[in-house]
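Structural overview for review
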Amino acid sequence: MSSRTYQLSAENVNVWFGERHVLKDVNLAFPSNQVTALIGPSGCGKSTFIRTLNRMHELIPSAGFGGKVLLDGEDIYGDGVDPVKVRLKVGMVFQKPNPFPTMTIQENVLSGLKLSGRKNPNNEELVETSLRRASIWNEVKDRLNDPALSLSGGQQQRLCIARSLAMGPDVLLMDEPCSALDPGSTRRVEETILELAPQMTIVIVTHNMQQAQRVADQTAFFLSEDGNPGHVVEFGATEQVFEQPVDPRTNDYVNGHFG
Amino acid sequence: MTVNADSTQRRKLATKPFAKADRIFFGVARAAAYSSFVIIALILIFLIGRAIPAFQTQGIIDFAFGSTWDASASPQKFQLGPMLWGSVLISLIGVVIAIPLSISIAYFIEFMAPKVLAKAVTTIVDLLAAIPSIVLGLWGAFVFSPIAAGWAKMLNQSFGWIPIFDNPEQNFLRSPFIAGIVVAVMIVPIIASITREIFSKMDRDIINAALALGGNRESTLRKVILPTASGGIVGGILLGLGRALGETVAVLYVLNISFDINWGQVLQARGGSVASMIISKFGEANPSEISALMAAGLVLFMFTLVINSIASYIVAKAQPWRK
Ligand SMILES: Nc1ncnc2c1ncn2[C@@H]1O[C@H](COP(=O)(O)OP(=O)(O)OP(=O)(O)O)[C@@H](O)[C@H]1O
Ligand SMILES: [Mg+2]
């Protein structure tokens, strides 16, 4: 196992909001072409952690960070690293579908190009491949110029996935991507994740234990007890975390005894 | 059957207020609401009544668009054209200056400043709105005009070849340019506070998504924030425009009011403003001129009313995604 190249890894990640220590010494490695699920009770710092992976805390003045996040061997928090460049390699899908309301379906897919000022030789092709990879092409191919908000919630979420994929990221972060969706749409998104998995590194936060077991190769269990900062209690292959957890607290959580 | 029909008959679910306090409160609220209609109607009736003689002697079209105002000629000529256009010109200058300023202020408050500073800036901008316009006029005349005249001179020297910056007389005081800036100072608080309100209600996830897609601050503002907020901002701009059109005293102090129509040479020392003209002539006007001034007020009133209605319509309707 030691020969595996880790594309993305977190080393001793700590996060503070003002005086509050929210995450303590998180060490996780995300191997290429695998799906990692982050689970844990509400408020334990899963979103906070996943946002450190593409430097999304930049906008919160009170946020403080300690540790390293290595992407292809380079610390994305290193001196002189442009967070915008980091986000081009590490895409993100949010909890609530959030297509740009003023744009059409097609414009949403291409919005990353516009925002980053990147050029692409063949936009039409990029739109199609991105939408195909997000498994929504067949549903929208005849209405690419309709407003993005004319789609259903589940379709909007897959459009948001397509929007991220259009930038060709190496890593895709998903923070509870299905929590606002119905079971049918959830299944579609899960299928999409499984189709994408062989090509990229995926990190997904979920409250749904079945979902973690369906999509994730490995799982990390976060916990923050009695006001202590959140930390990783257990991390390993999904099967092992769910079937034979080492820590009794993991066992309680995955079997629905708390959280 | 009759029993059925009775029990399924449609009744109103809303009830009249029972408690006495409620009834009094409802009455007061209703009276206050209706009284605004009544007041507007009364003002209109008064203005129309007083304006009719002027419209009859001058003709409505000539009155609104002609360009001579002479109370000593016979027959007297009262034509509003240069003032009406002057009001529009000054307001446009004010709005053009105020828009980028207001949007920058709103962006700074909502997306850049730490909480304490954001509060402070908000308060200062709101204070700006509270400055009485006479104070602004005096400041404009004695403090600001000489400074702005210096800017105007620089503009003229660098860009004098563009017709709007032409000024053969080289007198840079009391121009529409200066009046426009003073008006901008008055409407920045309006546009900035509406824009800030819209920004603060925007879905943060949309902004986060833009950043996550590799946007920087500037492209996020231009491609995502402004388009999403545009309806509300345009509404705010039109409200500011309404205020600018009606501005009276402050403009009077910094503008040389002239019926020699100024189409757009903004640095030259002549311009128009309906409201300021009314106040400058009112003191010495004879009865027929007063009727003409009332008519001028009526025209301005209608104009502003139209702008404001458009504004509220846009604010309400232009953002279908904000349910
Ligand atoms: N911007 C912020 N400012 C201050 N505190 C914050 C901020 N964001 C998160 N926190 C705090 O950090 C802790 C972790 O929050 P986080 O959102 O990461 O939890 P989570 O595990 O994602 O929970 P959930 O499952 O409910 O989404 C919480 O106690 C929260 O109150
Ligand atoms: Mg969360």
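Residues numbered from 1 in each chain as written. Chains lettered and ligands numbered in written order. Predicted model: local features only at pLDDT ≥ 70, side-chain atom pairs only at ≥ 80, totals over all residues. Heavy atoms only, no water.

1. Regarding the overall build of chain A
Selection criterion: Secondary structure elements are defined from DSSP: runs of H or I of at least 4 residues count as helices, runs of E of at least 2 residues count as strands, and each element is numbered from the N terminus. With a 1.4 Å probe rolled over the protein chains alone, any residue whose accessible area is under 20% of its type maximum counts as buried; one over 50% counts as exposed, and the rest are partly exposed. By definition in these notes, contact holds between two residues if any of their heavy atoms fall within 4.5 Å. With residues, only the protein chains shown are counted as cover, and all accessible areas are computed by Shrake-Rupley using a 1.4 Å probe.
The helix and strand inventory of chain A stands at 10 helices and 10 strands. Taking the principal axes of its C-alpha atoms as reference, chain A extends roughly 50 × 45 × 40 Å. Taking all 259 residues of chain A together, 54% fall into the buried category. Sequence separation of 24 or more characterises 67% of the internal contacts of chain A that already satisfy a separation of 6 or more. Carbon together with sulfur atoms contributes 45% to the accessible area of chain A, which is approximately 11,300 Å² in total.

2. With respect to the sheet that holds strand S7 (residues 171-175) of chain A
Residue and element names in this part refer to chain A. Operational definition: Two strands are counted as paired when DSSP detects at least two bridges linking them. To get an axis, a line is fitted to the C-alpha atoms, and for a helix only the part in contact is used. The angle between two axes follows their N-to-C directions and goes from 0 to 180 degrees.
Across the sheet, which stays open at both edges, the 6 strands sit in the order S6-S7-S8-S3-S9-S10 with mixed pairing between neighbours. Two strands in the sheet have a free side with no partner beyond their single neighbour: strand S6 (90-93) and strand S10 (231-237). Neighbour to neighbour, the strand axes of the sheet diverge by 15 degrees on average, direction disregarded. Sheet topology note: the S6/S7 ladder contains 4 bridges and is parallel. When the sheet's bridge partners are listed, Gly 91 is paired in S7 with Leu 172. Along the sheet, helix H6 (residues 153-165) contacts S6 and S7; its crossing angle with S6, the most-contacted strand, is approximately 170 degrees.

3. Points about the domain arrangement of chain B
All names here are of chain B. Put simply, the test is: An automatic or database domain assignment supplies the start and end points of every domain. Accessible area that two parts lose when put together, with a 1.4 Å probe and added across both, is what the buried area reports.
Segmenting chain B into domains produces domain 1 (2-70) and domain 2 (82-322). Using C-alpha coordinates to define each centre, domain 1 is positioned 30 Å away from domain 2. Counting residues at the interface gives 16 residues for domain 1 and 18 residues for domain 2. Between domain 1 and domain 2, a total of about 1,400 Å² is buried, with carbon and sulfur atoms accounting for 83% of that surface. Ranking the residues of domain 1 by area buried against domain 2 places Leu 47, Arg 50 and Trp 69 at the top, with a combined share of 42%. Only helix H2 (20-58) and helix H3 (60-65) provide two or more residues apiece to the side of domain 1 that touches domain 2.

4. Some words on the interface of chain A and chain B
It is common to give the size of an interface as the accessible area lost on bringing the parts into contact. What counts is decided by this rule: The rule for a salt bridge is simple: a side-chain nitrogen of Lys or Arg has to be within 4 Å of a carboxyl oxygen of Asp or Glu. Residues adjacent in sequence count toward polar contacts only when both atoms are side-chain atoms; beyond that, a polar contact is any pair of N or O atoms within 3.5 Å, and within protein one must be able to donate a hydrogen and the other to accept it.
Every contact between the two is made by 26 residues of chain A and, on the other side, 20 residues of chain B. Between chain A and chain B, roughly 2,000 Å² of surface is buried when both sides are summed, and carbon and sulfur atoms account for 69% of that area. One can count 1 salt bridge joining chain A with chain B. Between Lys 96 of chain A and Asp 203 of chain B there is a salt bridge, with the nearest N and O atoms lying 3.1 Å from each other. Remark: the boundary between chain A and chain B carries 3 residue pairs in polar contact (both at pLDDT 80 or more).

5. A few points about the nonpolar core
The line we're drawing: Among buried residues, those of type Ala, Val, Leu, Ile, Met, Phe, Trp, Tyr and Cys that are joined through side-chain atoms within 4.5 Å constitute a nonpolar core.
Counting 84 residues, the largest nonpolar core has Leu 38, Phe 49 and Leu 131 of chain A as its most contacted members. Each residue touching Leu 38 of chain A, except ones within four places of it in the same chain, is listed here: Leu 28, Phe 30, Lys 46, Phe 49, Ile 50, Val 203, Ile 204, Val 205, Thr 206, Ala 220 and Phe 222 of chain A. Core analysis: the second largest hydrophobic core is formed by 79 residues, Val 125, Ala 179, Val 266 and Ala 296 of chain B among them.

6. Notes on the pairing of strand S3 (residues 35-39) of chain A
Residues and elements named next belong to chain A. For S3, the tally of buried residues reaches 5 of 5 residues, placing the bulk of the element in the interior. The alternating pattern of S3 places Val 35, Ala 37 and Ile 39 and Thr 36 and Leu 38 on opposite faces, both of which are buried. With 4 bridges joining them, S3 and strand S8 (residues 201-205) adopt parallel strand pairing. When the sheet's bridge partners are listed, Ala 37 is paired in S8 with Ile 204. In terms of strand pairing, S3 meets strand S9 (residues 218-223) through 4 bridges, oriented parallel. What sits directly across from Ile 39, in S9, is Phe 221.

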